Amino acid sequence: MSKKDITIDHALRATWQAVIKMYNEQAAKLDSTMATGFALLSIDPEEGTPSTALGPRMGMEATSLSRTLKSMEERGLIERKPNPADGRGVLIFLTEFGKENRDFSKDRVLKFNEAVRANIDAEKVDHFFEVIHVINDLIQNKKIYNTSETTIKQ
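Here the structure is a predicted model, which is why all the values come from computation and not from measurement.

Engineer: How do you make sense of the overall build of the protein when you look at a structure like this?
Structural biologist: Each helix and strand counted, the protein has six helices and three strands in total. Walking the protein from its N terminus toward its C terminus, one meets helices and strands in the order α-α-β-α-α-β-β-α-α. For the protein, the C-alpha radius of gyration of 19 Å lies well beyond 15 Å, the compact-globule estimate for 154 residues. Seen through its principal axes, the protein has C-alpha atoms that stretch 50 × 45 × 30 Å. Counting the 154 residues in the protein, one finds 23% classified as buried. By sequence separation, contacts in the protein at least 24 residues apart represent 47% of the contacts at least 6 residues apart. A total of about 11,500 Å² of accessible surface is found on the protein, and carbon and sulfur atoms cover 56% of it. Both charge centroids of the protein, one from 22 positive and one from 23 negative side chains, sit 4 Å from each other.

Structure, rendered in structure tokens:
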């Protein structure tokens, strides 16, 4: 396929799949997954993080997040404690083992970013972020598909 035949969504999806594969290969070294690494990076290592804040922060659905957190707890990466500011809430804290795994995940993310920045002009990286910002704005503000559009009737 030539560049003009590839759609923007295809390029985003294919690139993201490659990134996921790369991160999962790295996470496998710790018998882990990219989702677990992402969760570790989303939890405040000192103050803990309310469980209700993790889903939106990670862009994960509640059921997927619940499975990830359960697995992390079983592996001894996190512990849940009552939230003193909200009696009904729970704070997620990293264990020492979780902090070690978090450091590994952070190192992998930084290495990836350094490699990309070392191989792509700073101006092009800035343009990339501008494009991503516009795409997110178009989606979040429903500027592509109007919510009042009707479905196609057959």
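That shown, we press on.
Engineer: Can you help me understand the nonpolar core in this one?
Structural biologist: Side chains of nonpolar character tend, in soluble globular proteins, to be buried together. Ala39, Leu40, Ile43, Leu54, Met58, Leu65, Leu69, Met72, Leu77, Ile78, Ile92 and Leu94 together form the largest nonpolar core, which totals 12 residues. If you list the elements that add at least two residues to this core, you get helix H2 (34–42), helix H3 (51–58), helix H4 (62–74) and strand S3 (86–94). For this core, the element with the most residues is H4, which contributes three residues. Apart from the residues within four sequence positions on either side, Leu54 is in contact with Ser42, Ile43, Thr49, Leu65, Leu69 and Ile92.

Conventions adopted
- Residues numbered from 1 in each chain as written.
- Predicted model: local features only at pLDDT ≥ 70, side-chain atom pairs only at ≥ 80, totals over all residues.
- Heavy atoms only, no water.
- Helix = DSSP H or I, 4+ residues; strand = E, 2+ residues; numbered from the N terminus.
- Rg over C-alpha atoms; globule rule 2.2 N^0.38 Å.
- Buried < 20%, exposed > 50% of the residue type's maximum accessible area, 1.4 Å probe, protein only.
- Contact = heavy atoms within 4.5 Å.
- Areas by Shrake-Rupley, 256 points an atom, 1.4 Å probe, with all protein chains shown as cover.
- Lys, Arg positive; Asp, Glu negative; His and termini not counted.
- Charge placed at Lys NZ, Arg CZ, Asp CG, Glu CD.
- Core = buried A, V, L, I, M, F, W, Y, C linked by side-chain atoms within 4.5 Å.

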